[in-house]
Amino acid sequence: MATLPAFFRRTETPAGAEAPAVRLAAVPAERDPYLLRNLPHDDVIFWGKKIDNSHLVRQTDPRGGRPCWNVIATAGVILALLLGVLAPSVANRVAGYQLEALRVEAQNLADERRTLELQEAQLLSPARLQQLAQKQNLATPTPNQVSRLETKGESKVAMVKK
Amino acid sequence: MVERRLVCLAGFVLVWGAAIFGKLITLQVVDHQNYVRKARARQEQMVEIRAPRGVILDRMGHRLAMSVPTESVLVDPLKLPNLEVDADLLARELHLDRAELLERIQSAHDHHRGYLWVKRGITPQEADDLRNLKLDWIHLDGGSQRHYPNGMLLAHALGGVDFEEKGNAGIEKALDSDLRGAPGKADILRDVRGRGVDELVSTEAHAGAAITLTIDERLQFVAEREIAAAVEQHGAASGSVVVMNPYDGQILALASYPTYDPNQPPGDENDVAARSNHAVGVPFEPGSVFKVITLSAALETTKLKPDTPINCHGGVITLFGRTIHDSHGGNGWLPMDMVLAHSSNVGAIEIGLQVGREAMYDYVRRFGFGQKTGLPLPGESRGRLRPLTKWGSTSLASISMGQEVSVTTLQLARAAAVIANGGLLVKPRIILKEGEQTLPVEAPVRAIRADTAITMRQMMEGVVLVGTGKEARLQGYTTGGKTGSAQIYDYATRRYSHNTYNGSFMGMAPLTNPAVVVVVTLNGTHGTAGFGGAAAAPVFKAVATEALRILEVPKDLPDNQPPPKLVAKNQLLDDVSLADLGSGQPNILEDRDDEDASAQAPTPAANHAAAQPSEAGTVPNFKGMTLRAVLTEAWARGIVVQPDGSGVARVQNPAPGSALHQGERIRVQFTK
């Protein structure tokens, strides 16, 4: 640890001179009463040392690959197991959301369909059709006046004989 | 020192872990059920799966009654911030009367009621408007509401439901268990945002079954339109129409007037009266239409034939000290078919006396009177037919002409079907299918012989051609029927009214192979215009014409037939001619439904003398004969004549002596 006293000492040291790490001798008994007491590890001094590792070459550990792959494989297996365990649950939950949404939609569509069927029935009520026919000056055909051009029940086209 | 600290730390961690583990045990094991219950209470919701009430369809698949989802508004009057302001708000949003709503809310508040239905069945727009208000004291309750898209159409047969959609009348009540279905239950798991995550259905919902009726919506509309117009035109109190397939008993139309809108809740007394199904539940004395049963019994139990002369006693007959007047001027001798055609009361009594009490009672029962038809409609009346032991001395005579017995329009239709289908008593049906299952048809019971039914058909055609039912004659179809104009018994005065009638007509067409039976009844008509031939027969004509068109029944007569005209002495009198000609005293056996034809009654001898003998299978020669003689001769031979003009027969087609094909009609031109 670089302490404040050590810092001052190092700054007072001439440049280029590397101060050896020395443990200072004990302070004499007669001390200046105003002198601050030493701080812990005040006698430890650190200095920087330049190391040139540019010539170092990374070497593959021939025995280090296996544990690595083992770890990767183990992690993969664990991950797969976790996914295998959790995925159905997640999928189930997602499907549950979708299913509920679809059920609600289906119910709403069924309700809407019934409402539309009611409106259709009201629009096709005989009383309303008669009113419309009267507005259009349409008359009820006489018996056998209408000839179906196709089989009864399938016929969409009919002809009124004059 | 360091070791001690490590030991302390380890101990602390151990205790901490033990505490956590203990808590986990508590949560997961000790209080497991408790927390599960709490979690479920928050996350799970038991909801009811709606089972919509079944739809009611007509025979063509048109919807007559159906349920649609709706919402109702509910408030808690005790939590309303300001009754007047809130009532004003609700009244504006729901289009209600503010004062009335405020009164209801105030009343509920004063009675400390925690809920009040403000409005049921609100529109989607109203529901959205209320939701947008975001007021916590307004609650919207989802439900279902019954709708009858055609309004009043078939109201009496359909019936109605209460606010819980439980049937309370008509088919809605009779088939309530089938229509209602069974709602299901589901347990829905919701997330923290209230979204459904999963659903566990505990009970499946079963929707109500669709009920398909035998009713034809178009024909029903015509029947209701015509009977309503007739009731209004003739000032009647009520009316009813039944259109039935005579072979399988399918009811194609069942109209009753006055009517009501089943979409509206019951109202005042008038509305309650309008809810009576007159076609099924209100019996009446049928009058002369009942002579069909009398003559059918006579054909089977006596030696009487259509041309057998019947002594009408000049229109007066005395039975057990009671003098019974024929309503008209009095007939002398009439062939039995003319008794029916001219609706002679005395003639019918004479015939009934020959039938006898036991046979008459038997045949009345055979035609289905005095018993319910079995139609699945609540409130069906069995009519009134007293047991034989309770018949009085004049009961046979009365019943012979349609009094002392009460019937419903539906029963008359059933009886007419016996004549139309060749003598079989069918059970009327109004339910065609329940769901996808077609209901089986019950085997009919033979009531009369087939030849008797055919003979009656021919005699009933005479009613339409030359009798009291001319107004019922159809264009392009052979028609048979019988009119009835029964006086109404006033229980207050214990006398028959002299001015109000039950005018009725029962008929069928085409006679060669009847496709429909139509019975029309007008109750409480007034005056001469209210007789069956004048009031009910035109309704029959309109309804039968429409029925034959809808059913696409081929015509069996050429179009544009001129109306038959009778020779001068045989001119028909209206039912009006049944004026008070008697003593003026109340006469329970008097039926003003006849016409004066007594003076023209030819004797059987004269008839046979006038007819030219012809070989079997060839067309007889009618030239020079009167219409009555021609008809008598034709009926005796079982051939059908189409008269045209008045006077004596001059031209006929096919020519005399030519081959007569089965079912062929002979057109005879009469000129003076």
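What this report covers is the structure whose coordinates are included nearby.

Conventions we followed
- Residues numbered from 1 in each chain as written.
- Chains lettered and ligands numbered in written order.
- Predicted model: local features only at pLDDT ≥ 70, side-chain atom pairs only at ≥ 80, totals over all residues.
- Heavy atoms only, no water.
- Helix = DSSP H or I, 4+ residues; strand = E, 2+ residues; numbered from the N terminus.
- Buried < 20%, exposed > 50% of the residue type's maximum accessible area, 1.4 Å probe, protein only.
- Contact = heavy atoms within 4.5 Å.
- Areas by Shrake-Rupley, 256 points an atom, 1.4 Å probe, with all protein chains shown as cover.
- Core = buried A, V, L, I, M, F, W, Y, C linked by side-chain atoms within 4.5 Å.
- Salt bridge = Lys/Arg side-chain N within 4 Å of Asp/Glu carboxyl O.
- Buried area = accessible area lost by both parts, 1.4 Å probe.
- Polar contact = N/O pair within 3.5 Å; in protein donor to acceptor, adjacent residues only side chain to side chain.
- Pairing = 2+ DSSP bridges.
- Patch = residues over 30% accessible without salt bridge, like charges linked within 9 Å, V, L, I, M, F, W, Y side chains within 5 Å.

## Here's the deal with the overall build of chain B
Phase 1: Scanning chain B from terminus to terminus reveals 21 helices and 26 strands.
Phase 2: Across the 672 residues of chain B, 53% fall into the buried class.
Phase 3: Contacts in chain B between residues at least 24 apart in sequence constitute 72% of all its contacts with a sequence separation of at least 6.
Phase 4: Carbon and sulfur atoms form 53% of the exposed surface of chain B, whose accessible area is close to 29000 Å².

## Considering the nonpolar core
Residue and element names in this part refer to chain B.
Phase 1: Core analysis: the largest hydrophobic core is formed by 96 residues, its most contacted members being Ile56, Leu213, Leu254, Met336, Phe367, Phe369 and Phe622.
Phase 2: When residues of this core are assigned to their parent elements, the largest contribution, nine residues, is made by helix α17 (residues 409-420).
Phase 3: If sequence neighbours within four positions are ignored, Ile56 has contacts with His62, Arg63, Leu64, Ala65, Arg146, Leu158, Ile171, Glu172, Leu179, Ile211 and Leu213.
Phase 4: Counting 35 residues, the second-largest nonpolar core is a separate cluster that includes Ala223, Tyr257, Tyr477 and Phe505.

## Some thoughts on the pattern of salt bridges
Residues and elements named next belong to chain B.
Phase 1: For the structure on display, the rule yields 23 salt bridges over all chains.
Phase 2: Here Arg40 makes a salt bridge to Glu44, at a shortest N to O gap of 3.6 Å.
Phase 3: For Glu44, a relative accessible area of 26% gives the class partly exposed.
Phase 4: Between Asp176 and Arg180 there is a salt bridge; the shortest N-O distance is 2.5 Å. A residue pair is termed a helical-turn pair when its members lie 3 or 4 positions apart in one helix, as Asp176 and Arg180 do in helix α8 (residues 176-180) at four residues.

## So, the interface of chain B and chain A
Phase 1: Listed per partner, the contact involves 30 residues of chain B and 26 residues of chain A.
Phase 2: The largest contributions to the chain B side of the interface with chain A come from B:Val197, B:Arg549 and B:Glu552, which together make up 21% of the buried area.
Phase 3: At the boundary of chain B with chain A, the tally comes to two salt bridges.
Phase 4: Linking chain B to chain A there are four residue pairs in polar contact (both at pLDDT 80 or more).
Phase 5: Only β3 (63-75), β9 (196-203), α9 (217-234) and α19 (532-550) of chain B provide two or more residues apiece to the side of chain B that touches chain A.
Phase 6: With five residues, β3(B) is the largest single contributor of residues to the side of chain B that touches chain A.

## Let's talk about the pairing of strand β15 (residues 322-325) of chain B
All names here are of chain B.
Phase 1: Note that strand β14 (residues 316-319) and β15 share four bridges and pair antiparallel. Looking at the pairing, Ile317 lines up with Ile324 of β15.
Phase 2: Taking the residues that link successive antiparallel strands as the turn, the β14-β15 hairpin has two residues, and the phi of Phe320 there is positive, at about 50 degrees.

## A word on a nonpolar patch on the surface
Residue and element names in this part refer to chain B.
Phase 1: Residues Val2, Leu6, Leu9, Phe12, Val13, Trp16, Ile20, Leu24, Leu27 and Tyr35 make up a contiguous nonpolar surface patch of about 980 Å² in total accessible area.
Phase 2: It is helix α1 (residues 2-30) that contributes the most residues to the nonpolar patch, nine residues altogether.
Phase 3: Along the polypeptide, Phe12 turns up in helix α1.
Phase 4: Using a relative accessible area of 55% as the deciding quantity, one classes Phe12 as exposed.

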